[in-house]
Every structure is written in structure tokens, then in C-alpha cells.
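One letter stands for each residue in the lines below.
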Amino acid sequence: FFISKTTKGQASTLFTLKNKINVNFPVFVTSTDFCFKNNNKIFRNYVKQKQSIVFTCKPTPEMKNYPNHYGWVRPNKFNDIIKISCKKKIYGNSSKDQVILGAFYFPSFSIFLEAYKKLIKEKNLVNNEYYLDVLMESIRKEKNVKMISVKKFITWGTPLEYEKYKNSNLNS
């Protein structure tokens, strides 16, 4: 499968697959500039419960210094997301806030499609793109969305990060 033109973000790219994915199938989406390890037991449990999931990490010093470069999540004590913010730190000081890694799980493609159509109708863009962060916030307002905080990840999103982590692996 090949996309011949630039899309308006991760959500728009996923939408191009609308005629290729069964609407009842679950969908896992991730950016290509990082990798991570998560707790598969927690993931399988949320999948069994048909929960939408946002994968996050504790903010690094760089993320704290540049909060407007990232999506943010505020969870409750059960890892239910109570607020998602895209490219802007969530107001208020919460030590439990996490940064969105760019990985998302939808229990069915139809849940994504419904939220995406709403995003388009409302023209809910950030930096002229349709972000899955914003789409998940829309879902969260109507259904429970879970957070999985990963313990280990490697990112190559910037030249500095690439140089720093190019020889890293998740097992070290």
C-alpha cells in the first residue's frame, strides 16, 4: 500500500485506509520514529475490555523544557484518561501527567472513523494537521480511554535524538 500525496497528519493518513480495513477490526497505530516496550499483560487486558488506548511515557527533561512539542495526558489513579492536550501542556500542576508517544489502539476501525469524521466536520486542526491526540480526546469525551505508560522507549525524532540513541536497543 502506497500513499501518493502528503496527508494532513497521522489521523488523515490512517483515514486513507478506510477501504482496506474491515470496520470491525482493531487498529494499532504508531509513529515510525520510535520504538517501545510495554506491559503486554495490561495491554491484553485493555484489548479484552475493548478499550481505546494511548501509549505514554513519563516526561523527560527535554519534554519538560519543550512542552509545546508534545501531546500530554492527565490520568486518574486507574489510568483512565481525564484530559488530553495536543502540543500544549495541560493547565495545572500534576506530577501524574504523561507525554503521548504517538502510539494508539482502537478496538475497532469504526471507532476511529466516527471520531475522524467529527474531527473533520469541526475542522479541529493543530498546526494545520489532524492529530490522533485530538481524535482520542474526542473519543474520551464519550467513552473511556485508557493510558499505558511505557517503561522504556527509544526515539529518533530529531537529529540530536538520532545521534544519541542510534546504537541503543530496548534490552539494554
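Asker: Mind showing me how you'd approach the overall build of the protein chain here?
Answerer: On a plain count of helices and strands, the protein chain comes out with six helices and eight strands. For a compact globule of 172 residues, the expected C-alpha radius of gyration is about 16 Å, and the protein chain comes in at 16 Å, within 12% of that figure. The buried share of the protein chain, taken over its 172 residues, is 41%. Of the contacts made within the protein chain by residues no fewer than 6 positions apart, 68% connect residues no fewer than 24 positions apart. With an accessible surface of roughly 10,500 Å², the protein chain has 52% of that area assigned to carbon and sulfur atoms. Averaging the locations of the 30 positively and 12 negatively charged side chains of the protein chain gives two centres separated by 5 Å.

Asker: Explanation requested: the state of the cysteines in the structure shown.
Answerer: In a disulfide, the sulfur atoms of two cysteines are held together by a covalent bond. In this structure the tally under the stated criterion is zero disulfides. The cysteine C35 is free of any disulfide, with C57 supplying the nearest cysteine sulfur at 13 Å.

Asker: Looking at this model, I keep getting lost on the pattern of salt bridges. Mind explaining?
Answerer: It is possible for side chains bearing opposite charge to pair when their charged atoms get close. By the definition in use, this model includes seven salt bridges. The closest approach of N and O atoms between E137 and K83, which form a salt bridge, is 3.9 Å. Note that E137 is positioned in helix α5 (residues 132–140) and K83 in strand β5 (residues 81–86), a separation of 54 residues in sequence. Residue K118 is joined to E142 by a salt bridge in which the shortest nitrogen-to-oxygen separation is 2.9 Å. Taken as a pair, K118 in helix α4 (residues 109–121) and E142 in the loop between α5 and β7 (145–149) lie far apart in primary sequence, 24 residues in all. A relative accessible area of 29% places K118 in the partly exposed class.

Calculation notes
Residues numbered from 1 in each chain as written. Predicted model: local features only at pLDDT ≥ 70, side-chain atom pairs only at ≥ 80, totals over all residues. Heavy atoms only, no water. Helix = DSSP H or I, 4+ residues; strand = E, 2+ residues; numbered from the N terminus. Rg over C-alpha atoms; globule rule 2.2 N^0.38 Å. Buried < 20%, exposed > 50% of the residue type's maximum accessible area, 1.4 Å probe, protein only. Contact = heavy atoms within 4.5 Å. Areas by Shrake-Rupley, 256 points an atom, 1.4 Å probe, with all protein chains shown as cover. Lys, Arg positive; Asp, Glu negative; His and termini not counted. Charge placed at Lys NZ, Arg CZ, Asp CG, Glu CD. Disulfide = S-S within 2.5 Å. Salt bridge = Lys/Arg side-chain N within 4 Å of Asp/Glu carboxyl O.

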